[in-house]
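# Inside the fold
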4 protein chains.
Amino acid sequence: MRTEDEDTLWSLRQDLVRLHHELVRWGLVVWTAGNVSARVPGSDLLLIKPSGVLHDELTPESMVLCDLHGRPVQDNGFAPSSDTASHAYVYRHREDVGGVVHTHSPYACAFAAVGEPVPCVLTGIADEFGGEIPIGPFATIGSEDIGRGIVSTLEGIRSRAVLMQNHGVFTIGPDPSSAVKAAVLCEDSARAVHLARALGTPIPIEPAAIDALHERYRNVYGQPGDGA
Amino acid sequence: MRTEDEDTLWSLRQDLVRLHHELVRWGLVVWTAGNVSARVPGSDLLLIKPSGVLHDELTPESMVLCDLHGRPVQDNGFAPSSDTASHAYVYRHREDVGGVVHTHSPYACAFAAVGEPVPCVLTGIADEFGGEIPIGPFATIGSEDIGRGIVSTLEGIRSRAVLMQNHGVFTIGPDPSSAVKAAVLCEDSARAVHLARALGTPIPIEPAAIDALHERYRNVYGQPGDGA
Amino acid sequence: MRTEDEDTLWSLRQDLVRLHHELVRWGLVVWTAGNVSARVPGSDLLLIKPSGVLHDELTPESMVLCDLHGRPVQDNGFAPSSDTASHAYVYRHREDVGGVVHTHSPYACAFAAVGEPVPCVLTGIADEFGGEIPIGPFATIGSEDIGRGIVSTLEGIRSRAVLMQNHGVFTIGPDPSSAVKAAVLCEDSARAVHLARALGTPIPIEPAAIDALHERYRNVYGQPGDGA
Amino acid sequence: MRTEDEDTLWSLRQDLVRLHHELVRWGLVVWTAGNVSARVPGSDLLLIKPSGVLHDELTPESMVLCDLHGRPVQDNGFAPSSDTASHAYVYRHREDVGGVVHTHSPYACAFAAVGEPVPCVLTGIADEFGGEIPIGPFATIGSEDIGRGIVSTLEGIRSRAVLMQNHGVFTIGPDPSSAVKAAVLCEDSARAVHLARALGTPIPIEPAAIDALHERYRNVYGQPGDGA
């Protein structure tokens, strides 16, 4: 019989499988690319995608439980994502973060390849990100470097997404579902702005209007108690 | 046992769930974005999507019944879409409108971000819209402002779609299905014109030909009695 | 009990439903747009999509049987596609044609809007079309004009597809499946060439190489007896 | 009762059906285009798609068993792909290759049409390809010419993909699944770089960083024993 903690963990494992399927569904990843992690509530642990496994073949059991330095704490037969140390860095330095997502979504990658932020020229961008989606540094894969770049780039701004130069997208949220949402909206925003730039110069939105939109979105939009 | 009015309302609730799924299917919205509403026939009420709920998770019961000032008239446990006041404004000022749709479809948003209409350079645009798809003003989300912009922009023209600057698409129709159709064709049109502009300058269609195409489409196309 | 002719006709009705679903599947049409017709073998009749019906809602019974002037010969309760007279014109003037398809596929429409052919710069275009995909005239919807433009534009060339200016794609084939194939490959070709032009100037293929590719494709490619 | 070799061959036939469906799923081919082949382990044979058959209609039995000069060794009623001689050439000249894939994926075809490689400006490209995705020569379809172009272009570099000028993509791998993966990532890479070029000039990645990324990806990424 499962204890309460085991039930929570099992439920989180199932959530992560489902959320990885959302990455595929919304066209944010191909093949084995991308990953979602979750902080295990009330612990110093995280749960993350195994490295190099197809999204279709993910199971709750295959998700890897690690400490907040990215070291596996149980042997379930799977090596964790090669981005684990960076996810762990984010959880250690941002107590408000409960979920981290990484994708190679194509329009966002285009901005990342040229090293430009996605400007806040649509109300949907103001709503979700409260300003532009910023560019982070070029960072080495497999170490904490990416995590360091995520935390420093997002410090003091409202965006939950960062475009890591020459690489792809990392998003954060209070829980993994919110981070997946930010990843979906990051690509949606990058696409619309990319298409707009092909037509001409997007019209800026006044900073005060951006503030008002974001404030309303975080506090009024959605159902009471959504909290995200 | 259900009365006739209850049956009508229940059927409308089911229609709205199905029509929201069409928005996702045709790539017009992501995550919780966008909404469809319907005027409840023979009443001063409208039915609309709950705010911030995933399209997959919508149920007939979750649709929110409001008066024509956007105030919920029943407590079903869901807050209505934050665009409700604007939908209500449209229903109050346009008696011919039975359905309103809002999307953030990407190609249409590109035109909205640069503040340009979609020109009528394809017969499909003449058919459905009878001219260009116009640009409406930048308007605040959460008040009636958007509704005011929709009504004033569409006054005296044949288009059932308007691109609200820096925001997205709003469409109207005699019923919610027609408004969804206009939203699908708005994105389809914006996409083809966007792609054409990358190749060169689209050839204009003569105004008389646009009139003839639109006239035929509204009066001959389709099955007798379609009415839309 | 069905006679042989009735069986053939019923089978053709079923084929047309399936082929319309292929138009949706490959992204060539939205909502009710586009249509497929078939010549009824050994008769002066054609079978075509009813006007303004959603592809999802098509049934074998809803397909409309018409003579080769586009006049319904049976009342099944459905009005035929508004392009029927043009399909009929093609069947009357091209005895080799057994199927006609119309779509508004987006990349092909982009070429149609600027009035440019799709140049033969990929082996797949040489294979299927034996040269560029040509541009036909602007023609009125609802009469035989489009049919006249299709026949005159395709006369003496190998292409089974024509881009009607400011309108969309019409394709022909020995049977409806071949015409659908041409429509799928027309959009695929238009897309790749559109994307190539954004990068630079596509490299031409020598006319002799185009001839050799097309010859091989029509006579060697596929299974013995494919005949298309 | 099946012998071990028959079981291996049957399993390979099933794998090829499944892998062709992956080509469709990831948008790399339309209609009957593209093909996957596999070297039959421990033999001088290959197994390949029949020519001109729809991906939906492929069965394990329809895959054609050929020698390494592309000649069928059994009559199963199907002619092999018209690219068979080129696949065979690759297997004869590259003992490390166990799978070959051909697609007409659109963004990669755009680079092929203008004769340009896909530059290595994203970490995902460095990971999978270890450098740019090169351009091979224009080569005649139906002979060994394409095979010769593949082998000569990929000699001495790390890329498993080559863009054949004016034609499409060929990829190789230790097994057919790895070659399909390379085809999926080739299109994903070509798309992101195409989109980046529309925004400006992609930032190069230092050669030493490319080496480090590729090395890590081939040796650390994935699960122990993946071997690909």
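The following paragraphs examine the structure supplied in this document.

Conventions used here
Residues numbered from 1 in each chain as written. Chains lettered and ligands numbered in written order. Predicted model: local features only at pLDDT ≥ 70, side-chain atom pairs only at ≥ 80, totals over all residues. Heavy atoms only, no water. Contact = heavy atoms within 4.5 Å. Buried area = accessible area lost by both parts, 1.4 Å probe. Salt bridge = Lys/Arg side-chain N within 4 Å of Asp/Glu carboxyl O. Polar contact = N/O pair within 3.5 Å; in protein donor to acceptor, adjacent residues only side chain to side chain. Helix = DSSP H or I, 4+ residues; strand = E, 2+ residues; numbered from the N terminus. Nonpolar A, V, L, I, M, F, W, Y, C, P; charged D, E, K, R; others polar. Least-squares fit on C-alpha atoms with pLDDT ≥ 70 in both. Pairing = 2+ DSSP bridges. Axes fitted to C-alpha atoms, helices over the stretch in contact; angles between N-to-C directions. Buried < 20%, exposed > 50% of the residue type's maximum accessible area, 1.4 Å probe, protein only. Parallel < 35°, antiparallel > 145°, perpendicular 65-115°, else oblique. Left-handed = near helix turned anticlockwise from the far one by under 90°.

The next subject is the interface of chain A and chain B. Listed by partner, the interface residues are 34 residues for chain A and 33 residues for chain B. Interface of chain A and chain B: buried area, both sides summed, is about 2700 Å²; carbon and sulfur atoms make up 64% of it. The tally of links from chain A across to chain B stands at one salt bridge. For the pair chain A and chain B, the number of links is 12 residue pairs in polar contact (both at pLDDT 80 or more). Elements represented by at least two residues in the side of chain A that touches chain B include exactly helix 1 (4-25), helix 4 (123-129), helix 6 (176-199) and helix 7 (207-219) of chain A. Sort the elements by how many residues they give to the side of chain A that touches chain B and helix 6 of chain A lands first, with 12 residues. Residue composition of the side of chain A that touches chain B, by class: 19 nonpolar, seven polar and eight charged.

Right, let's talk about the relation of the copies chain A and chain B for a bit. Note on the identical chains: chain A maps onto chain B by a rotation of 90 degrees and an axial translation of 0.0 Å, with an RMSD of 0.0 Å. Those values place the two copies in the arrangement expected of a four-fold rotation axis. Proximity to the rotation axis, assessed at the C-alpha, singles out Ala198(A) in chain A; its C-alpha lies 5.4 Å from the axis.

What follows deals with the interface of chain D and chain A. Each side of the interface is counted separately: chain D has 34 residues, and chain A has 33 residues. Each partner contributes to the roughly 2700 Å² buried at the junction of chain D and chain A, and carbon and sulfur atoms together form 64% of this total. Summed over the shared surface of chain D and chain A, the result is one salt bridge. In this structure, the salt-bridge partner of Arg25(D) is Asp56(A), at a minimum N-O distance of 2.8 Å. Every element with two or more residues in the side of chain D that touches chain A is listed here: helix 1 (4-25), helix 4 (123-129), helix 6 (176-199) and helix 7 (207-219) of chain D.

So, about the sheet that holds strand 2 (residues 45-48) of chain B. Within a sheet, adjacent strands bond to each other through the backbone by hydrogen bonds, running parallel or antiparallel. All names here are of chain B. What the seven strands build is an open sheet, ordered 3-2-1-4-7-6-5; its pairing is mixed. At either margin of the open sheet sits one strand with a lone partner, and together these are strand 3 (64-67) and strand 5 (135-136). With two bridges joining them, strand 5 and strand 6 (residues 161-164) adopt parallel strand pairing. Bridge pairing in strand 6 links Gly-136 to Met-164. Contacting strand 5, strand 6 and strand 7 (168-173), helix 5 (residues 145-154) crosses the sheet at an angle of about 130 degrees to strand 6.

All names here are of chain A. Pairing is mixed in the open sheet, where seven strands are placed in the order 3-2-1-4-7-6-5. Edge positions in the sheet fall to strand 3 (64-67) and strand 5 (135-136), since each of these pairs with one other strand and no more. The sheet contacts of helix 5 (residues 145-154) involve strand 5, strand 6 (161-164) and strand 7 (168-173), and relative to strand 6 the element is tilted by about 130 degrees.

The subject of this paragraph is the environment of Glu132(D). Residues and elements named next belong to chain D. Positionally, Glu-132 belongs in the loop between helix 4 and strand 5 (135-136). C-alpha separation for the pair Glu-132 and Arg-71, spaced 61 residues apart in sequence, amounts to 34 Å. Here Glu-132 is in contact with Pro-117, Val-118, Pro-119, Cys-120 and Ser-159, once residues within four sequence places are set aside.

With that settled, the discussion passes to the pattern of salt bridges. Enumeration over the complete set of coordinates arrives at 52 salt bridges over all chains. For Arg191(A), the salt bridge identified is with Asp188(A), shortest N-O distance 3.0 Å. One end of the pair is Arg191(A) and the other is Asp188(A), both in helix 6 and three residues apart, which spans about a single turn. For Asp188(A), a relative accessible area of 14% corresponds to the buried category. In this structure, Arg18(C) engages Asp15(C) in a salt bridge whose closest nitrogen and oxygen atoms are separated by 3.8 Å. One end of the pair, Arg18(C), and the other, Asp15(C), are both in helix 1 (residues 4-25), three residues apart, so they sit about a helical turn from each other. Asp15(C) gets classed as partly exposed once you look at its relative accessible area, which sits at 28%. Taken together, the shared-partner salt bridges connect Arg92(A), Glu144(A), Asp145(A) and Arg148(A) into one network.

All names here are of chain D. Two numbers describe how helix 2 (residues 84-93) lies on helix 5 (residues 145-154): the axes approach to 7 Å, and their chain directions differ by 40 degrees. By the criterion of interaxial angle, the relationship of helix 2 to helix 5 is oblique. Here helix 2 and helix 5 pass one another in a crossing that is right-handed. From helix 2, Ser-86, Tyr-89, Val-90 and His-93 reach across to helix 5, where they touch Asp-145, Ile-146, Gly-147, Arg-148, Ile-150 and Val-151. Among the residues forming the contact of helix 2 with helix 5, the class breakdown is five nonpolar, three polar and two charged.

On to the side chain of Ser37(A). Residues and elements named next belong to chain A. Here Ser-37 lies in strand 1 (residues 35-39). Accessibility expressed as a relative area gives 0% for Ser-37, which makes it buried. Only 2.7 Å separates the side chain of Ser-37 from the side chain of His-87, close enough to count as a polar contact. Excluding residues that lie within four positions of it along the chain, Ser-37 makes contacts with Leu-16, Leu-47, Ile-48, His-87, Tyr-91, Gly-98, Gly-99, Val-100 and Pro-176.

Quick look at the arrangement of the chains now. A gap remains between chain A and chain C, with no contact made and the closest C-alpha atoms lying 11 Å from each other. Contact between chain B and chain D is absent, and the minimum C-alpha spacing across the pair is 11 Å.

On to helix 5 of chain D. Residue pairs three or four apart in sequence face the same way in an α-helix, which turns once every 3.6 residues. All names here are of chain D. Within helix 5, seven of the 10 residues are buried, leaving the element largely enclosed by the surrounding structure. Where helix 5 is concerned, the buried positions are Ile-146, Gly-147, Gly-149, Ile-150, Val-151, Thr-153 and Leu-154. Tucked into the core, helix 5 has its buried residues touching helix 2, strand 5, strand 6 (161-164) and strand 7 (168-173). Gly-156 sits one or two residues past helix 5 and shows a positive phi near 80 degrees.

All names here are of chain A. For strand 1, the tally of buried residues reaches five of five residues, placing the bulk of the element in the interior. Side chains Asn-35, Ser-37 and Arg-39 project from strand 1 onto one buried face, and the interleaved Val-36 and Ala-38 project onto a second face that is buried too. Inspection of the sheet shows strand 1 paired to strand 4 (residues 99-103) by four bridges, in the antiparallel sense. Each bridged residue has a counterpart across the sheet, and for Asn-35 the counterpart in strand 4 is His-102. In terms of strand pairing, strand 1 meets strand 2 (residues 45-48) through three bridges, oriented antiparallel. Paired with Arg-39 across the strands is Leu-46, a residue of strand 2. Between strand 1 and strand 2, which pair antiparallel one after the other, the connecting turn spans five residues, and Gly-42 there sits at a positive phi close to 70 degrees.

Such coordinate-based values are descriptive only and should not be taken to indicate function.
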